[in-house]
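Observations on chain architecture
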Amino acid sequence: MTDIQNGKMIDPGKQSWNIKAGVFSSCMLHIIAMACMLSDHMWATLFPYVDILTCIGRIAFPIFAFMIVEGFYHTSNFRRYLCRMLIFAVISEIPFDLVSGDSVLYLFHQNVLWTFLIGLLLIALIDKVRKTGKVWLWIPVAVVVTLVGYVIGTITMVDFYGAGVVMVIMFYLFRGKEPWKLIAQLVCMYYINAQLLSGYCYTFSIAGHSFEFPQQAFALIALPVIWLYNGKLGYHKKWFKYFCYAFYPGHLLVLYIIWQMVM
């Protein structure tokens, strides 16, 4: 599965993102996702009755899941990328446990970096098989790995559970801006968020008929943002890269301390 471009063999999976109509760099997507994540965690701690905060927060995970896949394609050292994810997953566990279970050790829910770590390992496995160019092999493998990822994510109780792992794999399988891939992303995002995750629903009436809209389905708003990605890094100083990793445990810890002070 290779193409020839300028006399060189090109792996389709390694081609750059189609930059047409793109306005958001990787840096900008990270900032948007971090702002939305902060909004969600402010709702979870300080402002539990301000639902708009968690509705905004639903946008964060899909953007991060998408960026994990982009990171996989663009990293110069996959093992280092994996190790960095593992280190910050361990660092983030205590702040996450404090917020989610009000305990230093809360075994019934693990932080989102574990979700991304599982997803990263699984897409690396699929990608290895995909490079063989044997469609009859890698497609069944992708299906099986996706199902296994769902089970692993659910059993280990990582954030967003198995559905979160599946979302990472989905952005890998349908990476690109071809119309059929965008439709596939939309369909999968709806199924993952409105069916697999679902949860609390808002009820509203139109012309005398009642309808329910899952709160988690606000995650679909992330898609237009993702589709405006231009395939560029944008600002990428080393300090900013580590700030993005440190922001997760850091803001959780700060919110927990403020939460305890105002309780």
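Before reading on, note that the structure itself is shown above.
Residues numbered from 1 in each chain as written. Predicted model: local features only at pLDDT ≥ 70, side-chain atom pairs only at ≥ 80, totals over all residues. Heavy atoms only, no water.

1. Topic: the nonpolar core
- With 69 residues, the main nonpolar core has Ile63, Met85, Phe116 and Phe171 as its most contacted residues.
- Other than its neighbours up to four places away in sequence, isoleucine 63 contacts Leu29, Ile32, Ala33, Ala222, Val225 and Ile226. (Core = buried A, V, L, I, M, F, W, Y, C linked by side-chain atoms within 4.5 Å. Buried < 20%, exposed > 50% of the residue type's maximum accessible area, 1.4 Å probe, protein only. Contact = heavy atoms within 4.5 Å.)

2. Some words on the packing of aromatic side chains
- Per the counting criterion, the structure on display carries 22 aromatic pairs.
- When the ring of phenylalanine 61 is compared with that of phenylalanine 116, the centres are 5.2 Å apart and the planes differ by 15 degrees; the resulting orientation is stacked. Within this pair, whereas phenylalanine 61 is found in helix α3 (residues 60-74), its partner phenylalanine 116 is found in helix α5 (residues 112-130), the two being separated by 55 residues in sequence. Each of the two residues, phenylalanine 61 as well as phenylalanine 116, counts as buried.
- Taken together, Tyr235, Trp239, Phe240, Phe243 and Phe247 form an aromatic cluster joined through their ring pairs.
- If you follow arginine 130 out to its NZ or CZ, it ends over the ring of tryptophan 138, 4.6 Å from the centre.
- Residue placement shows arginine 175 over the ring face of tyrosine 73; its charged tip is 4.0 Å from the ring centre. (Phe/Tyr/Trp six-rings, centres within 6.5 Å; stacked < 30°, edge-to-face > 60°. Helix = DSSP H or I, 4+ residues; strand = E, 2+ residues; numbered from the N terminus. Lys NZ or Arg CZ within 6 Å of the ring centre and 35° of its normal.)

3. Details of the layout of surface pockets
- Approximately 970 Å³ is the volume attributed to the largest pocket.
- With 8 residues, helix α10 (residues 238-262) is the largest single contributor of residues to the lining of the largest pocket.
- For the second largest pocket, the calculated volume is near 590 Å³.
- Taken together, 28 residues form the lining of the second largest pocket, with Asp40, Arg58, His109, Asp159 and Phe160 sitting closest to its centre.
- Those elements giving two or more residues to the lining of the second largest pocket turn out to be α1 (26-45), α2 (51-57), α3, α4 (78-101), α5 and α10.
- When residues in the lining of the second largest pocket are grouped by element, the largest group, 5 residues, is from α1.
- Residues of the lining of the second largest pocket, tallied by class, amount to 16 nonpolar, 9 polar and 3 charged. (1 Å grid on protein atoms, 1.4 Å probe; cavity = no way out; pocket = protein on both sides within 12 Å on 5 of 7 lines; lining within 4 Å. Points joined across faces, edges and corners; volume = space filled by probe spheres on them. Nonpolar A, V, L, I, M, F, W, Y, C, P; charged D, E, K, R; others polar.)

4. Examining unusual backbone geometry
- Of note in the backbone geometry, phenylalanine 160 takes a positive phi value of approximately 70 degrees without being a glycine.
- Among the secondary structure elements, phenylalanine 160 is positioned in the loop between α6 (135-155) and α7 (161-173).
- At tyrosine 161, a residue that is not glycine, the phi angle is positive and equals roughly 50 degrees.
- Along the polypeptide, tyrosine 161 turns up in helix α7.
- Here tyrosine 161 falls in the partly exposed class, since its relative accessible area comes to 35%.

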